[in-house]
Amino acid sequence: MERFGVIVIGGGHAGVEAAWGAASALGPGGRVALVTMDPGKIGAMSCNPAIGGLAKGQMVREIDALGGVMARATDHAGILFKVLNMSKGAAVRGPRAQCDKYHYAAEVQRLLASRAEVQVIAGTVDDLLVEDGVCCGLRLPAGWRHVRVDQAAVERNVLGTQMAESVFVPEGAPQEVCELRAGAVVLTTGTFMRALMHTGEDRTEGGRVGEGSAVGISGMLRGLGFELGRLKTGTPPRLRRASIAWDSLVPQCGDEPPVPFSDMPTSSLARGAFPGLAQVDCRITETTASIHELIRANLHRAPMYSGQIEASSGPRYCPSLEDKVVRFADRDSHHVFLEPESLYTDEVYCNGISTSLPAEVQEGIVRGIRGCERAEILRWGYAVEYDMVWPHQIDATCETKRVPGLYLAGQINGTSGYEEAAAQGLVAGLNAARRVRGEGEVRIGREQAYIGVMMDDLVTRTPREPYRMFTSRAEHRLLLRADNADERLTALGRELGLVDDQRMDAFEARVSGMDAIRAGLLAVRVDASTGERWRDRARRPDVPVAAVADALRAAGVDAPMPLVDRVVTDLRYEGYVVRQRAEVKRHAESERSPIPADLDPDAILGLGAEARESLRKFRPVTFGQAGRLAGISPADMGLIAIAVRRRRGSGG
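Residues numbered from 1 in each chain as written. Predicted model: local features only at pLDDT ≥ 70, side-chain atom pairs only at ≥ 80, totals over all residues. Heavy atoms only, no water.

1. What about the packing of aromatic side chains?
Okay, so step 1: Inspection of every chain in the model, using the stated rule, returns 1 aromatic pair.
Okay, so step 2: Cation over ring: Arg115 sits above Trp20, and NZ or CZ is 4.6 Å from the ring centre.
Okay, so step 3: Its end group placed over the ring of Trp246, Arg241 keeps NZ or CZ at 4.3 Å from the ring centre. (Phe/Tyr/Trp six-rings, centres within 6.5 Å; stacked < 30°, edge-to-face > 60°. Lys NZ or Arg CZ within 6 Å of the ring centre and 35° of its normal.)

See the structure below:
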């Protein structure tokens, strides 16, 4: 038997952030075990090797502001950086980066290997240890191994001059059955629970090409009383770049200069400069009416339409090509983005044609796309269906309501995407560590971060399809910009033990720099004769930010463009932000006010049947959560408040 503070199961994006966050929050002397089927796949990018996008980019910035891993790895491995929605307001802009998928995984592994508190174990988990109703560890079946770090591989990867490789290597002979004990366990199974991959009529067990399926965990969770669902996701075919008429297609270029994701962009780059790798461009093409006819003629062979897939639904906002052809029957074409997956291989990701149709149909689809008439297909597209746990069974801390000490993060909670998974992993790892230390739970509010919006949505609504973050989900999005994530969250991260000295010093330097810019805008006049100050001129949307920066520099103010841009954006949003903050303040008291966990809905006089059912199913822990449940009206909230006050008055 081995004992740890926190055990994390799974080495995907959720598992990585959970292990990292738990190690930070546990503090000196803390021990974290990360158990995964294949340590060489830790940090792997199963689908498109891209990070960020609209709303997703904001979450990555928030993870970084809280001391996480994802943004740093992206800056190291990014090969095309672009801020989306630049023609729109700053609140809905989203940073995105195409990554070299091998360098990304290798950098994630290098970062984990730098944490002495994290021990990686190669093994499959089928059984959790639950004693007196509390999760206290797991049982590793025979065959597990410890993992060592290949330091030579670490050094080669950091240089970034060749194809990256895994730094984790299993060592020694397979071990016998063993128990790992811990104060908390974080389960991050991704798409591997009872996973099946489909390409046409062909079915293979596994959650990713070349990897297996975690079968036993589903049965174990059902045995503990959890309600499971089944969802599906998919991926497109990959093509060989040399076989594409690349130069005949329209280029999609990144920003110049590129904007880093992390507030610490050069902290892991051997060259000491951002970006860490050479930059590339993508290409854009499209499907055709004849391709759509081919798909319609073969819909009966598509697993989602033939009944071969059990899953209730797939991702509505990232649909398969066959779904798009059916749902948008009036469209003759759909965009296809051809995106390189690495600097050192010929693999190209076909963004926009995710499919599980048979191989020969996929070949017809690809060959019908302009520029791909002679394309060589390296890997067929496929769909994955997998088990998940309906998220009304977790709290916004990621802890399960049924089994204390057990935390769920990532696609197991019904979400899609690397970014959503990583954000949940950070929340789960933090709260697992705080449980071990006997500290209070942390719930991030909707007004604090997109992470808080997602967690609240998961525990107050039943997802119809894999959950994806959008800016439209955030009612306070004017407060939740990508550029101000550090102002919102870094001080909180420091308080929680997630943010180290280096990051905090850099944050405080940025705050001082913005204060100096604000003072300069107030002091520097546009024209001595009119008395107009640059603070007033900068509010006007027709005034370029570069002109504001130039005026400040001419007056002797240190004015880096990124900081000037943030200050000017604050000025232009000032009126709206003041109103949103006042609204947040009005609702703050009721939003965080707790509801007793053992409050009986049937004992609340006058409460309707639908409201009782919602309270029983979701078991909200705050009045804010209760107010967002379907079936609960303002009148119901009044009855709940009366019941809670009476209970407190009676000492219950």
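2. Overview of the layout of surface pockets
Okay, so step 1: When its volume is computed, the second largest pocket comes out at roughly 940 Å³.
Okay, so step 2: Contributing to the lining of the second largest pocket are 28 residues, with Val83, Val259, Asp483, Pro562 and Asp565 lying nearest its centre.
Okay, so step 3: At the level of secondary structure, the elements contributing two or more residues to the lining of the second largest pocket comprise strand E5 (94–99), helix H16 (545–554) and helix H17 (561–592).
Okay, so step 4: Per element, the largest residue contribution to the lining of the second largest pocket is 5 residues, and it comes from H17.
Okay, so step 5: Considering only residue class, the lining of the second largest pocket consists of 16 nonpolar, 2 polar and 10 charged. (1 Å grid on protein atoms, 1.4 Å probe; cavity = no way out; pocket = protein on both sides within 12 Å on 5 of 7 lines; lining within 4 Å. Points joined across faces, edges and corners; volume = space filled by probe spheres on them. Helix = DSSP H or I, 4+ residues; strand = E, 2+ residues; numbered from the N terminus. Nonpolar A, V, L, I, M, F, W, Y, C, P; charged D, E, K, R; others polar.)

3. Topic: the sheet that holds strand E21 (residues 382–389)
Okay, so step 1: One open sheet accounts for 4 strands, arranged E13-E12-E21-E14; its pairing is antiparallel. Both edges of this open sheet fall to strand E13 (202–205) and strand E14 (228–235), since each of them pairs with a single strand only. Pairwise comparison of adjacent strand axes, ignoring direction, gives a mean angle of 25° for this sheet.
Okay, so step 2: Of the strand pairs in this sheet, strand E12 (residues 196–199) and E21 are connected by 3 bridges, and their pairing is antiparallel. (Pairing = 2+ DSSP bridges. Axes fitted to C-alpha atoms, helices over the stretch in contact; angles between N-to-C directions.)

4. Here we look at the sheet that holds strand E17 (residues 282–286)
Okay, so step 1: The strand order across the open sheet formed by 6 strands is E16-E17-E18-E19-E15-E20, and the pairing between neighbours is antiparallel. Every interior strand has two partners, whereas the edge strands, strand E16 (250–252) and strand E20 (377–379), have only one. Direction aside, the axes of adjacent strands within the sheet are offset by 40° on average.

5. Overview of the nonpolar core
Okay, so step 1: In this structure, Ile7, Leu221, Leu406 and Ile451 are the most contacted members of the largest nonpolar core, which totals 112 residues.
Okay, so step 2: Sort the elements by how many residues they give to this core and helix H11 (residues 418–436) lands first, with 10 residues.
Okay, so step 3: Look past the residues within four positions of Leu221 in its chain and what remains in contact with it is Leu187, Met193, Phe226, Leu228, Val389, Leu406 and Ile412.
Okay, so step 4: Core analysis: the next-biggest nonpolar cluster, separate from the first, contains 23 residues, Ala302, Val348, Cys372 and Ala375 among them. (Core = buried A, V, L, I, M, F, W, Y, C linked by side-chain atoms within 4.5 Å. Buried < 20%, exposed > 50% of the residue type's maximum accessible area, 1.4 Å probe, protein only. Contact = heavy atoms within 4.5 Å.)

6. Notes on helix H10 (residues 359–367)
Okay, so step 1: Those residues of H10 not exposed but buried are Val361, Gln362, Ile365 and Val366. The arc enclosing the buried residues of H10, seen along the axis, measures out at 135°, which places them on a common side.
Okay, so step 2: Next to the buried residues of H10 lie E12, strand E15 (238–240), helix H7 (289–297), helix H9 (321–327) and E20. (Arc of directions from axis to C-beta.)

7. Some remarks on the side chain of Arg96
Okay, so step 1: With respect to the helices and strands, the residue Arg96 is situated in strand E5.
Okay, so step 2: Overall, Arg96 belongs to the buried group, its relative accessible area being 17%.
Okay, so step 3: At a separation of 3.4 Å, a polar atom in the side chain of Arg96 contacts the side chain of Glu339.
Okay, so step 4: Those residues within four positions of Arg96 in sequence are excluded, and the remaining contacts are Asn48, Ala50, Ile51, Gly52, Gly53, Leu80, Phe81, Lys82, Leu84, Phe261, Glu339 and Asn351. (Polar contact = N/O pair within 3.5 Å; in protein donor to acceptor, adjacent residues only side chain to side chain.)

8. Quick word on the packing of helix H1 (residues 13–26) against helix H4 (residues 101–113)
Okay, so step 1: Between H1 and H4, whose axes approach to 11 Å, the crossing angle comes to 20°. On the basis of the axis angle, H1 is roughly parallel to H4. As H1 packs across H4, the resulting crossing turns out to be left-handed. Here H1 contributes His13, Val16, Ala19 and Trp20 to the contact with H4, which in turn contributes Tyr104, Val108, Leu111 and Leu112. (Parallel < 35°, antiparallel > 145°, perpendicular 65-115°, else oblique. Left-handed = near helix turned anticlockwise from the far one by under 90°.)

9. Regarding the environment of Ala546
Okay, so step 1: The topology assignment puts Ala546 in helix H16.
Okay, so step 2: Along the backbone, Ala546 and Asp565 are 19 residues apart, and their C-alpha atoms lie at a distance of 8.4 Å.

10. As for the packing of H11 against helix H12 (residues 450–460)
Okay, so step 1: The contact between H11 and H12 brings their axes to 10 Å, and the two run at 85°. In terms of their interaxial angle, H11 and H12 are classed as roughly perpendicular. Of the residues in H12, those touching H11 at Glu420, Ala423, Gln424 and Val427 are Ile451, Met454, Met455 and Leu458.
Okay, so step 2: Here the contact of H11 with H12 is built from residues that sort into 6 nonpolar, 1 polar and 1 charged.

11. Regarding the pairing of E13
Okay, so step 1: Across 4 bridges, E12 lies against E13 in antiparallel orientation. Note that in E13 the partner of Thr199 across the bridge is Asp202.
Okay, so step 2: With antiparallel pairing between neighbouring strands as the criterion, E12 and E13 make up a hairpin whose turn holds 2 residues, including Gly200 at a positive phi of roughly 60°.

12. Considering the pairing of strand E8 (residues 134–140)
Okay, so step 1: Summarising burial for E8: 5 of the 7 residues are buried, a large majority.
Okay, so step 2: Of the pairings in the sheet, the one linking strand E7 (residues 127–131) to E8 comprises 5 bridges and is antiparallel in character. Residue Val130 lies in a different strand from E8, and its bridge partner there is Cys135.
Okay, so step 3: Counting the residues that bridge the hairpin from E7 to E8 gives 2 residues, and of these Asp132 lies at a positive phi of roughly 55°.

13. What about unusual backbone geometry?
Okay, so step 1: Cis rather than trans, the peptide bond between Glu256 and Pro257 has omega equal to 0°.
Okay, so step 2: Positive phi is not limited to glycine here, since Ala55 has a value of about 70°.
Okay, so step 3: Relative to the elements of secondary structure, Ala55 occurs in the loop between strand E3 (50–52) and helix H2 (56–65).
Okay, so step 4: Notably, Cys398 is not glycine yet its phi reads approximately 80°, a positive angle.

14. A look at empty space enclosed by the protein
Which parts of space are left empty comes out when a probe the size of a water molecule is rolled across the atoms.
Okay, so step 1: By the definition in use, this model includes 2 cavities of 30 Å³ or more.
Okay, so step 2: There is about 30 Å³ of room inside the second largest cavity.
Okay, so step 3: In this structure, the second largest cavity is lined by Glu17, Trp20, Gly21, Ser24, Leu66, Gly67, Gly68, Leu426 and Leu498.
Okay, so step 4: The class makeup of the residues in the lining of the second largest cavity is 4 nonpolar, 4 polar and 1 charged.

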